Structures are given as structure tokens and as C-alpha cells.
Amino acid sequence: PSYGSFISTLNHKRESGSHSLSSPLLLPAVKQVRELPPICPDVRQKHRISIDVLPPEVKARFVSEPIIPIRTKTAKEFQDDVERATISGDWKQVHDFYLTTFDSFLELNGAFKKEANAPFNTIEDSGINIKFVNIVYDALLHTPADTQKSVLKGIINSLLREWNFGLLKCLSVSQNPQYTSPATYVIYAHLLRQIAALAEADHHFLMHWFKKLPQKRFKQLVERLQLFITTRLFPAKPEELPPMAKCSWWIPSATKVLSLLNAANSISSSSIIPFTDFYNLTLDHIDFMEDYHTWQAHGNSNRFTFCQFPFILSTVVKKAIIQRDSEQQMISMARQTLVDKVSRRQRVDMSLLFLNIKVRRLQLVSDSLDELSRKRADLKKKLKVTFVGEAGLDMGGLTKEWFLLLIRQIFHTDYGMFTYVKESQCHWFSSWKCDNYSEFRLVGALMGLAVYNSITLDIRFPPCVYKKLLTPPIVPCDLDTPVGMATLTLDDLQQIMPDLAHGLGELLSYEGNVEEDFYTTFQVFQEELGVVKSYNLKPGGDKIPVTNLNRKEYVQLYIDFLLNKSIYRQFAAFYHGFHSVCASNALMLLRPEEVEILVCGSPNLDMGSLQRVVQYEGYSKTDPTIRAFWDVVLAFPLELQKKLLHFTTGSDRVPVGGMADLNFKISKIDVSTDWLPVSHTCFNQICLPPYKSKKELRQKLTIAISNAEGFGLE
């Protein structure tokens, strides 16, 4: 029974007056486990790879009511002064009034609030007079640089330390329309510079402040900063901005402030906006390899690079960096090989520039394993596949067919390497123990080769697999250092074993007496070949009861056991296989979600984009059959569109570069219209008979894509 059903039974019994159980609970079993290394109490401290975590939230102190200064002018009088100064160009009276009347922006704000005595300790109560704030900033546009700097510094420090939320309203484009014009960017840049220069503790304070914003305002701030960076990089009217040499600090300041918003988005219980909203697509057009090499040479030093802030770089850029970095490594290796050949006066074979794989179809896995094992030094070279006994050159189709056939065989449930979990519709590592884990290394190498050779794989791993692949992102020099031991949570377990995760969640929130009602210890059970085996989560775990006080520790140890320790050897081999191909400092730029997109493609389909880039063979885009095809496909629900893509390409996902990278082709096949459409998945090609009507095409196409089993090849 699961924890959820067990708790329901408990609640029913408690209502009936029964408060205990007569027998212990057997936890849901995970099959095919034989034995594991002993679990020590300090195994995490000794072996877990350290991961930078954000500090705990900085608590804001309660602020008493502000002291309202004695003022000699009303807001209307001050506004009249500003208007007169704008006409005459004489701002002295405005400067003197501001600088001699107020010591801080908090006081200034308090003086012109409707309710001067309102508290300042919450966003709702801040009550900033936005019209007046804009007047002040309009005045600042005409002040000397030194005055601007001192005023801005005073504003920001007051806002941060006294929990006044006017700063966000000053930054927000919707409430500060002045910042939509590049003419005001000098003031905006100084504001960003002051924020970027704050102490670390203030940055933490500000980060937790940002995460309290409504989604709309948060997104507006991100968009405003992105527009600022883009405009500074590629100004429409360069004469409107100072020369780049005089404002080289603009982009670093804006990017650092954007990093605070990104951190706030990351630590929020649920992301405020998608991480892809932080991508600046303008950076796709800069020399990002120069930026990458500068980052490699100088690291996270004072020399600014965008690679220091990888959240701003799109997946397209990161993939290009990984591939070019690998290509440069490959070229270096190939050059050395050629030099060695020439120095020995040996004949130069141009096949040395490729990773040449020769396999037999009937021994596909074993041959592939042997080839990759023998040619580990060539894994970064361009892949060429030959099927023994078959004529033909590999122009890309044979490579893709090799990937599809291998993945189909390795992930088959009868093969035993991976288990398919129906509840979560994903594959997970079988935790049986064996003497040779080389096949797991092969799967990892396949994933790496797919990234390097721009092949999209139809693999259904849960997201935590990609977290583990990046723990650490660079292979440790010490081979005894554990890898893949990520810090995982109940949310990660939910994506693999939702029923078990739900039960453990119920355990954590259970309001009764956990020890008496659950009668559980720090011991878990797994089944192998019909035999249930027990494992202690810590020394003496079978004698340590789970109580209300230690249940969090129990749940965390249980998750760590299932997702890390019980599959450690399998995953370690898989990890080293992947990194044997993709080893690069560029992996430090990637989020786990981005690794998944590189391997499996993006789940976001846009059939309209596919229609614009499709290639035709035997048809033209004006033929009735083609017009009917697109009318039908564009009207399909998302589920059928995915099936069409899977039927044609072997995957229902889109490559990193978008639909254009699919090389999708529609070909004419001169057969009877009684035939169903057929596909050549190795070439992303669908073949259509010349159907006479849209109804007939819809019927035949729906039958074909709905009944094609995964990885069917033509």
C-alpha cells in the first residue's frame, strides 16, 4: 500500500477510536536490486559534491513611521518650479529645494504622500506618489553628474534599508514611461550602477524583495533591462547615446541587476517567469566565441563576459559554443595525428578526421560498444556510420538510423537496462547489480554524440537525470570522486514515482503520531527476483523509529537512496560516457533543462514555422495535395501534430535551432491512393500518394500516424 492509502485508512480508524496498527508498513518496492555499498552516517559530508546554494532570506526589520520634514512648498508649487526651470533652463531653485529640504528619498516620499503617517513596511502600504517620483527624475535629467550620483545613492540606500518599495516603481517601465526613451538612459544606467555596486547582503535583501513582485511587474523589469542591453549593443541612433568607450560599465551593471532577478526567479517556490524569458536573443549575433575564450582565460574575474551570466545566453548560443569548442579540440587532435604521420613518413589517410563506426545489424549493441571503446580518442570527431555488408555512403541518414536502432534496442524493457515507469511515462535506471556497466557508458556516449552531431533522440528521462549529469559539470581529476550525487527533493521523486512521492508528502504533513501510527524505521525494502531485501538508511536504521521530529531526515535519506545511491554505479558509467564526448567548460553554462533540450529537442511545436521551411520533392507548395496536407495538419490537435512529427522524424520534439534544422521533406509517391503515407525517419521524410480530397488525406494520414509504433523505420 502507498502512504496515501495508508493515511486514509488511519484517518478512518482514528474516527472510529482506533489509534494504532497491528503490523508494520511495507514501503512500495523498487524492483531488481541486489545489493548496495554500506551507507555511512557521514557519507554526504565526505562524498557529496558541493553545490553553491543561495543564502537564507534576509529578514527585513520593521520600520517605524518616517519623520516628515518641515517643507515650505506643496507638490503643486514644486511642480510649477520644475515647469518654469524646464522653460528657462535655470534649475538652481529646484536643486536647492531638494538638496536642503530632504535627507533621504524616504522623507521626500513621505512629504508628498496622501497619508503621511502610513507605515512603510509592506509593498501595499508603500503608496509612492508616482507622478511626483517622475517629476523628481525629470529634474535629475538636468542635474550635473556629481549631483545625480549622490542623489541616486541616497535614494537607493534609503529604499533598501527602510523597506520602501519605490525603487521598483522607479525602475518599472509601466510606471516610469520616461525610461522608454534612450535619451533617459544615462540616468537609468546610473541607477543600475548603484544597485550593482551594493554590498552582498543588500543584494540578497533585494533578491528576496524581487521575488515578492507580481508576475506582470517582474516581467516588465526583465524586459526593460533586456531592452537596455540590446539598445546599448545595437543602438538604432548611435548619436543618442554616449560613446561606448565612455560607458563600458552600462552593460555589466544592467546584466548584474538582471542576475538578481534571475536569482529571485530561481529561489521562488515556483518560477515567476520561464527561465527562457531571461534569454537575450540579440547576443546570438555577437562574437560569443570571443566572449567564451575571454571567460576561459579570466574566469569570473573583474573582466566582464556574458559567460559569467549564462542565464542570458540562449540554448542556441550554448550549443554552438559546445560544438565549436569540441571541434577545436578535435582539430587540435587531428592536426597532431597528421603531424605524427608525416614525421614518420607514413601515408596520410583522411578518414583520420572522422569517427568511423562499422557495425552489423544483428550485433548492433555489442559492435557499437566495441567500436566506441576502441576509438575513445576519436569521439569528438565527426561521426560516420557504416552497416557491414551494405553499400552506401553516410550522408547523415545512416548516422540517424544507427542512433534510432540503438536507442530502440537499449531502452526496450526486455533488455533490462532501464525501467519504463507508466505513471510518469519516463525511463529510469534499473538498479540491478552486474559486473560490467559498459553498456550504461555506451548510452551516455550516445547522448554526447547526439549533441555533438545535432541528432535529436527520443529518450524519456526525468529532469533529475540532467541535474545529475551536471553534478559536477566538469569531470573531477580524482577518479575516486563520486559523480552524479545531486541534491534531489520530493519534487524530483514526483517526476519519476508520483505515487511514492505523494505518500512521502502525506507522511511529512501527517498531523497524528507518526511513530505510533506508521510503525516505520529508517529501513527500506526492495525486491529482487521475488525476494524482498532490506537496507538501512543509516547505521542501525532498522532500530531507529521514524517520528514527527525525524521524518524530514527519513524522507530525504529515502530519496537520496532511491535516486542516487541505489543506482550509483550505473549512473557513474552513464555520466562518464556522456562527458567522454561533451567534456568542455561550456557545460558549466548549461541548466539541466537546457541539457535535456540539447539531447531531446524542444517540446514546443510550431507547425506554421515548419510549413515555411519544408522541402518538396515531386510536389510544389501549390499542389492540391500539399494545400490539403497543411490544412489538415494545422487543424490537428497538438497530440496528433506530435504523432506526425514522431512518425516522420522518429521524435516528437524540435531541434535546438528550430523547425528549420529538421530538414523536413514531403515527397510524392506514385502509388494507389488506397495506400497510407509512409516515412523515412532517417531522412525526416514523409511520402504522400496524390490523394484526391482533403477528407481522404485526413483519414489516411490519421491512421498512419496513430498506428505507427515508435522507431519504425522505412
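Keep in mind the model is a prediction, meaning the values are calculated, not measured. (Residues numbered from 1 in each chain as written. Predicted model: local features only at pLDDT ≥ 70, side-chain atom pairs only at ≥ 80, totals over all residues. Heavy atoms only, no water.)

Once that is clear, we can look at the overall build of the protein chain. The helix and strand tally for the protein chain stands at 28 helices and 10 strands. Burial status across the protein chain gives 51% buried among its 714 residues. Carbon and sulfur atoms make up 52% of the accessible area of the protein chain, which amounts to about 34600 Å² in all. (Helix = DSSP H or I, 4+ residues; strand = E, 2+ residues; numbered from the N terminus. Buried < 20%, exposed > 50% of the residue type's maximum accessible area, 1.4 Å probe, protein only. Areas by Shrake-Rupley, 256 points an atom, 1.4 Å probe, with all protein chains shown as cover.)

Those places that UniProt annotates as "active site" (unreviewed entry) correspond, in this numbering, to Cys682. Along the chain, Cys682 turns up in the loop between β9 (678–680) and β10 (685–688). Classification of Cys682 by relative accessible area gives buried; the value is 11%. (UniProt positions renumbered as here; feature names shortened; annotations may be inferred.)

We now examine the packing of aromatic side chains. For the structure shown, the criterion picks out 29 aromatic pairs. Ring centres of Phe275 and Tyr279 lie 6.1 Å apart, and the angle between their planes is 80°; on these two criteria the pair is classed as edge-to-face. Under the relative-accessibility criterion, Phe275 is labelled buried at 17%. In this structure Tyr279 comes out as buried when scored by relative accessible area, which is 14%. Ring plane angle 80° and centroid distance 6.3 Å describe the contact between Phe309 and Phe311, whose orientation is recorded as edge-to-face. (Phe/Tyr/Trp six-rings, centres within 6.5 Å; stacked < 30°, edge-to-face > 60°.)

Take the packing of helix α15 (residues 364–374) against helix α16 (residues 397–410) next. Contact geometry of α15 with α16 gives a least axis separation of 10 Å together with a crossing angle of 115°. Considering only the axes of α15 and α16, their crossing is left-handed. Where α15 approaches α16, its residues Leu364, Val365, Ser368 and Leu372 are matched on the opposing element by Trp402, Leu405, Leu406, Gln409 and Ile410. Partitioned by chemical class, the residues of the contact of α15 with α16 number seven nonpolar, two polar and no charged. (Axes fitted to C-alpha atoms, helices over the stretch in contact; angles between N-to-C directions. Left-handed = near helix turned anticlockwise from the far one by under 90°. Contact = heavy atoms within 4.5 Å. Nonpolar A, V, L, I, M, F, W, Y, C, P; charged D, E, K, R; others polar.)

A separate point is empty space enclosed by the protein. Taken as a whole and judged by the stated rule, the model has five cavities of 30 Å³ or more. As for the second largest cavity, its lining consists of 13 residues, and the residues nearest its centre are Lys319, Ser454, Ile455, Thr456 and Leu598. When residues of the lining of the second largest cavity are traced back to their parent elements, those giving at least two are α17 (438–452) and α24 (592–600). Residues that form the lining of the second largest cavity fall into these classes: nine nonpolar, three polar and one charged. (1 Å grid on protein atoms, 1.4 Å probe; cavity = no way out; pocket = protein on both sides within 12 Å on 5 of 7 lines; lining within 4 Å. Points joined across faces, edges and corners; volume = space filled by probe spheres on them.)

The next subject is the pairing of strand β1 (residues 354–359). Of the two faces of β1, the one holding Leu355, Ile357 and Val359 is buried and the one holding Phe354, Asn356 and Lys358 is not buried anywhere. Sheet analysis places β1 next to strand β2 (residues 382–387), joined by six bridges and oriented parallel. Within the sheet, the bridge partner assigned to Asn356 lies in β2 and is Lys384. Note that the unit made of β1, α15 and β2 has a crossover that is right-handed. (Pairing = 2+ DSSP bridges. Right-handed = clockwise from strand over helix to strand, strands pointing away.)

In this section: the confidence of the model for the protein chain. Averaged over all residues, the pLDDT of the protein chain is 77; the fraction at 70 or higher stands at 74%. A low-confidence stretch, residues 17–71 stays under pLDDT 50, and its non-local contacts, those more than four residues away or across chains, total 121 contacts. Note that pLDDT drops below 50 for residues 158–170; the model gives that stretch 54 contacts with residues more than four away or on any other chain. (pLDDT = per-residue confidence, 0-100.)

Okay, the pairing of β10 next. Residue alternation in β10 divides its side chains into two sets, Gln685 and Cys687 and Ile686 and Leu688, and both sets are buried. Both strand β8 (residues 665–668) and β10 contribute to a ladder of four bridges, which runs parallel. Across the sheet, residue Lys665 finds its bridge partner in β10, namely Gln685. Taking the residues that link successive antiparallel strands as the turn, the β9-β10 hairpin has four residues, and the phi of Asn684 there is positive, at about 55°.

What follows concerns the side chain of Asp291. As for its position among the elements, Asp291 is in helix α13 (residues 288–298). Although Asp291 is buried, it makes no salt bridge; Arg303 carries the closest opposite charge, 8.7 Å away. Within the structure, the side chain of Asp291 is placed 3.0 Å from the backbone nitrogen of Cys307, a separation counted as a polar contact. Ignoring sequence-local partners within four residues, the contact set of Asp291 consists of Thr305, Phe306 and Cys307. (Lys, Arg positive; Asp, Glu negative; His and termini not counted. Salt bridge = Lys/Arg side-chain N within 4 Å of Asp/Glu carboxyl O. Polar contact = N/O pair within 3.5 Å; in protein donor to acceptor, adjacent residues only side chain to side chain.)

Turning our eyes to something else, we now look at the packing of helix α20 (residues 498–509) against helix α22 (residues 551–563). In contact at an axis separation of 9 Å, α20 and α22 are set at 165° when each is read in the N-to-C sense. Between α20 and α22, the angle is such that the two are roughly antiparallel. In terms of crossing hand, the pair formed by α20 and α22 is left-handed. For the pair α20 and α22, contact is made by Leu500, Leu504, Leu507, Leu508 and Ser509 and by Arg551, Lys552, Tyr554, Val555, Tyr558 and Leu562, respectively. (Parallel < 35°, antiparallel > 145°, perpendicular 65-115°, else oblique.)

Before going further, it helps to spend a moment on the pattern of salt bridges. Tallying each qualifying case throughout the model produces 20 salt bridges. A salt bridge links Glu401 to Arg361; the shortest N-O distance between them is 3.0 Å. Residue Glu401 is found in helix α16, and its partner Arg361 is found in the loop between β1 and α15; the two are separated by 40 residues along the sequence. Of the residues examined, Glu401 reaches a relative accessible area of 13% and is grouped as buried. In this structure, Arg460 engages Asp652 in a salt bridge whose closest nitrogen and oxygen atoms are separated by 3.1 Å. Within this pair, whereas Arg460 is found in the loop between α17 and α18 (463–469), its partner Asp652 is found in the loop between α27 (638–649) and β8, the two being separated by 192 residues in sequence.

Taking 1.5 Å of rise per residue, 12 residues should cover 16 Å, and α20 covers 16 Å from first to last C-alpha, within 8% of that figure. Turning to α20, its buried residues are Pro498, Leu500, Ala501, Gly503, Leu504 and Leu507. (Expected span 1.5 Å × (residues − 1).)

Turning to the sheet that holds β9, a few remarks are in order. In a beta sheet, neighbouring strands pair by backbone hydrogen bonds and run either parallel or antiparallel. Strands sit in the order β7-β8-β10-β9 across an open sheet of four strands; the sheet is mixed. Sheet topology places β7 (615–617) and β9 at the edges, where each strand pairs with a single neighbour. Across the sheet, the mean angle from the axis of one strand to that of its neighbour is 25°, orientation sign disregarded. In the sheet, β7 pairs with β8 via three bridges, with the strands oriented parallel. What sits directly across from Glu617, in β8, is Ser667.

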